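Structural overview for review
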Amino acid sequence: MVGVGALGAHLVSGRPLGAAAIVALYLAVTLLVWGVNGFAFRRLPLSGAALFLFSAATFGVLFLLGYLLGGVAGPFLIDAANRAVPYLKLADAVFYLFAVMTCFGAAGCAFSRNIIYSAWSLLFALLGAAGLYVFLGADFPAVAQVLIYVGGVLVLILFAIMLTKQIGEDPKLTNTHVGFPAGVALAIVTIATLTYTAVMAPWKVAAERSWEPTAQRLGIAFLTDYLLPFEVASVVLLAALIGAVVIARKEIKETSDVST
Amino acid sequence: MTTIQLPHFLIVGAILFALGMVTVVTRRNAVGILMGVELILNAANVNFIAFNHFVEGPAKLTGQVFSIFVIVLAAAEAAVGLAIVLAIYQTFRTIDVEETDLLRE
């Protein structure tokens, strides 16, 4: 990737490449192919001369691609980017970054075949949601989201996956019952309905916005207006944790009356 | 001034909710179902905080307070749910929700 980037930069800047740079790029591509070969293409064992031939072919393709990008598409892309800059605001770009991260994480969580990959996708969905909270001026919920969800709930989920699934024994435990097409149809219908509602409903939008830190006001609100729910929530947490310990501990029975 | 308005966040929340519902409906792994529930709770949180920012204005903090309560209840739900999953696994040696049908017999 670095090699391709350097190649594109050289070609965009219009200077010809030196021989040393080409050799370095070829070595970089060879290393890349070697790494990808060991990492992803287990089915396609390349070794020795075949590896160098394959990397040479890859280098040629990348060189042509870089030449095309740099010579033909490069000026056009630069011109388009220069035109787009005044219309693209940084805050909007950050929002779309977090929104795309959240949505792709949720999609990976929903449609991944392997439950471990689902858990990692859930990590990205939760982090993207935390970024959206920051974007909405809710700094304390964002920090709580990162601490509790990513630091607590996700670790708990990963523990549960590791404890319940023998690694390497049954990787396809996440078979779908309703099925992929039905799931996609359900997602499309739900998203369409909710999006229509969100866009068409006449929300009474407030006039002023604020991005001030809210942690102090939240603390005061928890200890004045929301004191009873706050205490109830703490009792609920205590009861839930004690109940979790009681449920999850291994019971010692003389006669096991429940069998598979 | 940014051009991002309330519907943008509501659409993100809708996508999160729909994908969480798909996760809950299509998974057979009990842990996967719990992850879908977490997604749905996050969608609710995004909506709470977006409404707090755009509709309620900076004078009140009701949406953020409720988002904190949702996070607390999600943590409790995850602890109890995963404990139940572990208990099911110890009993049935599987967490496929199709096969844990002891009460049906």
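Residues numbered from 1 in each chain as written. Chains lettered and ligands numbered in written order. Predicted model: local features only at pLDDT ≥ 70, side-chain atom pairs only at ≥ 80, totals over all residues.

**A few points about the overall build of chain A**
- The helix and strand inventory of chain A stands at 9 helices and 0 strands.
- Mapped in sequence order, the helices and strands of chain A form the string α-α-α-α-α-α-α-α-α.
- Out of the 260 residues belonging to chain A, those deemed buried represent 22%.
- Within chain A, counting contacts between residues at least 6 apart in sequence, those at least 24 apart form 58% of the total. (Helix = DSSP H or I, 4+ residues; strand = E, 2+ residues; numbered from the N terminus. Buried ≥ 20, exposed ≤ 12 C-beta atoms within 10 Å, placed from the backbone. Contact = placed C-beta atoms within 7 Å.)

**Brief notes about the overall build of chain B**
- Helix and strand counts for chain B come out as 3 helices and 0 strands.
- Traced from its N-terminal end to its C-terminal end, chain B shows the element sequence α-α-α.
- Summarising its shape, the C-alpha atoms of chain B cover approximately 60 × 25 × 20 Å along the three principal directions.
- For chain B, buried positions account for 54% of its 105 residues.
- Across chain B, every contact between residues at least 6 apart in sequence was considered, and the portion connecting residues at least 24 apart equals 50%.

**Considering the interface of chain A and chain B**
- With 79 residues of chain A in contact, the opposing surface of chain B contributes 71 residues.
- For the side of chain A that touches chain B, the elements supplying multiple residues, two or more each, are α4 (90–111), α5 (115–135), α6 (139–164), α7 (180–200), α8 (215–223) and α9 (227–248) of chain A.
- Broken down by element, the residue count for the side of chain A that touches chain B peaks at 13 residues, all from α6 of chain A.
- Its residues placed into classes, the side of chain A that touches chain B shows 53 nonpolar, 18 polar and 8 charged. (Nonpolar A, V, L, I, M, F, W, Y, C, P; charged D, E, K, R; others polar.)

**Focus on α6 of chain A**
- Over its 26 residues, α6 of chain A extends 36 Å from the first C-alpha to the last, a length consistent with the 38 Å expected when each residue adds 1.5 Å.
- The sharpest bend along α6 of chain A measures roughly 30° and falls at Tyr149 of chain A.
- All buried positions along α6 of chain A are accounted for by Pro141, Ala142, Ala144, Gln145, Tyr149, Val153, Leu154, Ile157, Ala160, Ile161 and Thr164 of chain A.
- Of the surrounding secondary structure, the elements contacted by the buried residues of α6 of chain A are α5 of chain A together with α2 (30–56) and α3 (62–92) of chain B. (Expected span 1.5 Å × (residues − 1). Bend = angle between axes of the 7 residues up to and from the residue.)

**Here we look at α5 of chain A**
All names here are of chain A.
- Between the first and last C-alpha of α5 there are 30 Å, a value that for 21 residues agrees with the 30 Å anticipated at 1.5 Å per step.
- The buried fraction of α5 amounts to 15 of the 21 residues, a majority that puts the element mostly inside the structure.
- Downstream of α5 by one or two residues, Gly137 has phi in the positive range, about 75°.

**Side note on the nonpolar core**
- Counting 72 residues, the largest nonpolar core has Ile157 of chain A together with Leu19 and Val31 of chain B as its most contacted members.
- For this core, the secondary structure elements donating two or more residues are α4, α5, α6, α7 and α9 of chain A together with α1 (6–26), α2 and α3 of chain B.
- Sort the elements by how many residues they give to this core and α2 of chain B lands first, with 13 residues.
- Domain assignment of the residues forming this core places at least three in each of domain 2 (89–195) and domain 3 (212–247) of chain A. (Core = buried A, V, L, I, M, F, W, Y, C linked by C-beta atoms within 7 Å. Domains from an automatic or database assignment.)

**Focus: the environment of Gly57 of chain B**
- Along the chain, Gly57 of chain B falls in the loop between α2 and α3.
- Residue classification places Gly57 of chain B among the partly exposed residues on the basis of 14 C-beta atoms within 10 Å.
- C-alpha of Gly57 of chain B to C-alpha of Phe69 of chain B: the two residues are 12 residues apart in sequence and 20 Å apart in space.
- Beyond its immediate stretch of four places on either side in the chain, Gly57 of chain B contacts Ala206 and Glu208 of chain A.

**Considerations on the packing of α6 of chain A against α2 of chain B**
- Where α6 of chain A meets α2 of chain B, the axes come as close as 11 Å, and the angle between the chain directions of the two elements is 170°. With respect to α2 of chain B, the axis of α6 of chain A lies roughly antiparallel. On α2 of chain B, the residues touching Pro141, Val153, Ile157, Ala160, Ile161 and Thr164 of chain A of α6 of chain A are Val31, Leu34, Met35, Glu38 and Ile49 of chain B.
- Classifying every residue of the contact of α6 of chain A with α2 of chain B gives 9 nonpolar, 1 polar and 1 charged. (Axes fitted to C-alpha atoms, helices over the stretch in contact; angles between N-to-C directions. Parallel < 35°, antiparallel > 145°, perpendicular 65-115°, else oblique.)

**Concerning the confidence of the model for chain B**
- Scored by pLDDT, chain B has a mean of 87; 97% of the residues are at 70 or more.
- For this predicted complex, the interface confidence reaches an ipTM of 0.90, while the overall pTM sits at 0.72. (pLDDT = per-residue confidence, 0-100.)

**Observations regarding the packing of α4 of chain A against α1 of chain B**
- Two numbers describe how α4 of chain A lies on α1 of chain B: the axes approach to 8 Å, and their chain directions differ by 10°. With respect to their mutual orientation, α4 of chain A and α1 of chain B come out roughly parallel. Two secondary-structure elements touch here, α4 of chain A through Phe95, Ala99, Thr102, Cys103, Ala106, Ala107, Cys109 and Ala110 of chain A and α1 of chain B through His8, Val12, Ile15, Leu16, Leu19, Gly20, Val22 and Thr23 of chain B.
- Residue composition of the contact of α4 of chain A with α1 of chain B, grouped by class: 12 nonpolar, 4 polar and no charged.

**Regarding the confidence of the model for chain A**
- In the predicted model, chain A carries a mean pLDDT of 78, and the fraction of residues at 70 or more is 75%.
- Here helix α1 (residues 2–13) of chain A is the element of chain A with the lowest mean pLDDT, 55, and α9 of chain A is the one with the highest, 93.

**A word on the environment of Val85 of chain B**
- Its place among the elements puts Val85 of chain B in helix α3.
- Looking at Val85 of chain B, the number of C-beta atoms within 10 Å reads 24, which means it is buried.
- Put simply, Val85 of chain B and Ile95 of chain B are 10 residues apart on the chain and 6.8 Å apart in space, counted from C-alpha to C-alpha.
- Setting aside residues up to four positions removed in sequence, Val85 of chain B forms contacts with Ala160 and Thr164 of chain A together with Ala30, Val31 and Ile95 of chain B.

**As for the environment of Thr3 of chain B**
- Mapped onto the secondary structure, Thr3 of chain B falls in the segment before α1.
- Given 10 C-beta atoms within 10 Å, Thr3 of chain B falls into the exposed group.
- Once you skip the residues sitting within four places of it in the chain, Thr3 of chain B turns out to touch Lys89 and Asp92 of chain A.

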